[in-house]
Amino acid sequence: MAHTETHAGISAPKGQLFGFRSNSVAMIVAALRKWQRSVARRNALADMTPDQLRDIGHPRVNRPVLEIKAGLMTELMSMR
């Protein structure tokens, strides 16, 4: 009969005491920078005129809207 041994595959973490803190600090710094960039972007867009917004292709600019009724394709095909 074969003899087998089992070993636990889990060991205690080695040297991760400061790794967790530096990683969380880096995540906080990255979140703050992202927030600062979004605030700066919003402020810059708020200062622009509608013509400038149109020049950069901003989606909030009033654009002409094409309204299509239901059944338009059927109506066009029947005119053919």
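Along each chain, numbering runs from 1 in the same order as the chain's sequence is written. For a predicted model such as this one, the threshold for reporting local features is a pLDDT of at least 70, and the threshold for listing and counting side-chain atom pairs is 80 or more; totals across whole chains, interfaces and linings nevertheless cover every residue. The side-chain quantities take in all heavy atoms of the structure and omit both hydrogens and water.

- If you look the chain up in an unreviewed UniProt entry, it shows as DUF1127 domain-containing protein from Rhizobium indigoferae.

Some details on the overall build of the chain
- Labels follow the DSSP assignment, with helices taken as runs of H or I lasting at least four residues and strands as runs of E lasting at least two, numbered in each case from the N terminus. Broken down by element type, the chain carries 3 helices and 0 strands.
- Going from N to C terminus, the chain has its helices and strands arranged as α-α-α.
- The rule is simple: take the accessible area with a 1.4 Å probe, protein chains only, and divide by the maximum for that residue type; under 20% is buried, over 50% is exposed, in between is partly exposed. For the chain, the residues scored as buried account for 4% of the 80 residues in total.
- Only carbon and sulfur atoms are counted for the fraction: they give 59% of the accessible area of the chain, which is about 8,400 Å². For every accessible area listed, the method is Shrake-Rupley and the probe measures 1.4 Å; residues are considered covered only by the protein chains on display.

Quick look at the UniProt feature "domain: YjiS-like" (unreviewed entry) in the chain
- UniProt positions are given in the numbering used here, feature names are shortened, and annotations may be inferred rather than shown by experiment. Per the UniProt entry, the sites bearing "domain: YjiS-like" (unreviewed entry) are residues 28-57 in this numbering.
- Taken end to end, residues 28-57 is 87% helix and 0% strand, and its first and last C-alpha atoms sit 32 Å apart.

Topic: a positive patch on the surface
- Patch definition: residues above 30% relative accessible area lacking any salt bridge, with like charges linked at up to 9 Å and the nonpolar side chains Val, Leu, Ile, Met, Phe, Trp and Tyr linked at up to 5 Å. Think of a salt bridge as a Lys or Arg side-chain nitrogen and an Asp or Glu carboxyl oxygen that are within 4 Å of each other. Residues counted as positive are Lys and Arg, residues counted as negative are Asp and Glu, and His and the chain ends are not counted. Every charge is mapped to an atom, namely NZ of Lys, CZ of Arg, CG of Asp or CD of Glu. The grouping of Arg33, Lys34, Arg37 and Arg41 at the surface amounts to a positive patch.
- Within the secondary structure, lysine 34 sits in helix H1 (residues 17-46).

Brief notes about the pattern of salt bridges
- With the rule as written, the count across this model stands at 1 salt bridge.
- Across the pair arginine 54 and aspartate 51 runs a salt bridge whose closest N-O atoms are separated by 2.8 Å. Within this pair, arginine 54 and its partner aspartate 51 are both found in helix H2 (residues 50-56), separated by 3 residues, close to a single helical turn.
- Here arginine 54 falls in the partly exposed class, since its relative accessible area comes to 46%.

Side note on a nonpolar patch on the surface
- Taken together, the side chains of Leu66, Ile68, Leu72, Met73, Leu76, Met77 and Met79 make up a nonpolar region of the molecular surface, amounting to roughly 780 Å² of accessible area.
- Tracing the backbone shows methionine 73 in helix H3 (residues 72-79).

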